[in-house]
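# Fold and contact review
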Amino acid sequence: MMRMTPRVMAFAAPVLLFLISCGPPPAPPGPGEARGMIPDLSGYTVMVLPVQQKYGVPEELTVDPELAYALRARGRAVTWVFPPEIDEILQRSPGVRVQTHGLPVQVFKQAEVNRIGDPLFGIMLRLGGLTGADIALIPVELRYGEEGAYILSVALLGVRTGRVSFYGVMEGVEGEADDPAALASLTEVVARTILPLG
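Described in the following lines is the structure provided in the data block. Position labels on residues start from 1 in each chain and follow its written sequence. Local features in this predicted model are restricted to residues of pLDDT 70 or higher, and side-chain atom pairs are both shown and tallied only at a pLDDT of 80 or more, whereas totals for entire chains, interfaces and linings draw on every residue. As a rule here, side-chain values come from all non-hydrogen atoms in the structure, and water together with hydrogens is ignored.

Our focus in this paragraph is the packing of aromatic side chains. By convention, a stacked pair of Phe, Tyr or Trp rings (six-membered ring in the case of Trp) has centres within 6.5 Å and planes under 30 degrees apart, an edge-to-face pair has planes over 60 apart, and any other such pair is tilted. A full pass over the atoms with the stated rule returns three aromatic pairs. Ring centres of Trp80 and Phe82 lie 5.7 Å apart, and the angle between their planes is 20 degrees; on these two criteria the pair is classed as stacked. Here Trp80 falls in the buried class, since its relative accessible area comes to 12%. Look at Phe82 and you get buried, because its relative accessible area is 3%. Buried means the residue's accessible area, taken with a 1.4 Å probe over protein chains only, is under 20% of the maximum for its type, while exposed means over 50%, and partly exposed covers the values in between.

A few words on the pattern of salt bridges. Basic side-chain nitrogens of Lys or Arg form a salt bridge, by our definition, when they fall within 4 Å of a carboxyl oxygen of Asp or Glu. Counted by the stated rule, this structure contains three salt bridges. A salt bridge links Glu141 to Lys109; the nearest nitrogen and oxygen atoms lie 2.7 Å apart. Here Lys109 lies in helix H4 (residues 106-110) and Glu141 lies in strand E5 (residues 135-144), a separation of 32 residues in the sequence. Taking the relative accessible area as the measure of exposure, Glu141 reaches 11% and is therefore buried. Here Asp134 and Arg160 are joined by a salt bridge, their closest N and O atoms 3.4 Å apart. With Asp134 in the loop between helix H5 (120-131) and E5 and Arg160 in the loop between strand E6 (149-158) and strand E7 (164-174), the pair connects residues that are 26 residues apart, well separated along the chain. Residues joined in a network through salt bridges with shared partners are Lys109, Glu141 and Arg143. Only DSSP runs of H or I reaching four residues or more are called helices, and only runs of E reaching two or more are called strands; each is numbered from the N terminus.

Rendered as structure tokens:
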């Protein structure tokens, strides 16, 4: 057994710290989990992007209007900019090439994200400039889970800083995939989570 002399310890400590720091990044939250803190959105302008990725969701179910309804009903002190309004603004600004669908959101599903980088940050910055939004709500992924309930992951971030203040994975009540009530229950959970004070 090797004896840990002061010289060996002085060499081993930095190496150990380096190896620990090179470990894998923290995993993103799973269903029912979240990280970060939700700011009080009262008085702010929040743009809500369309759901970016869908798995196991019937085409006839439209989640974006359901989410808009739930957020608008609960967050009356918030100025909301929903996907139809964003699209209208983009149509009036043909010189600005910005997309709202198919955004590079895979990073949220791979590791814990504290601040977004380009190209997503650049897109949020341009959209924020066009819409006057301070905060962006990105519904990252909607899927119909194995438990028989809809699951939605959402990110809340500052459009000028790219800092992610909240990322959570929320789950609705159990129901059939083609049941609008199952999807509506999820949007209610999202609204209550994002707007805990109403």
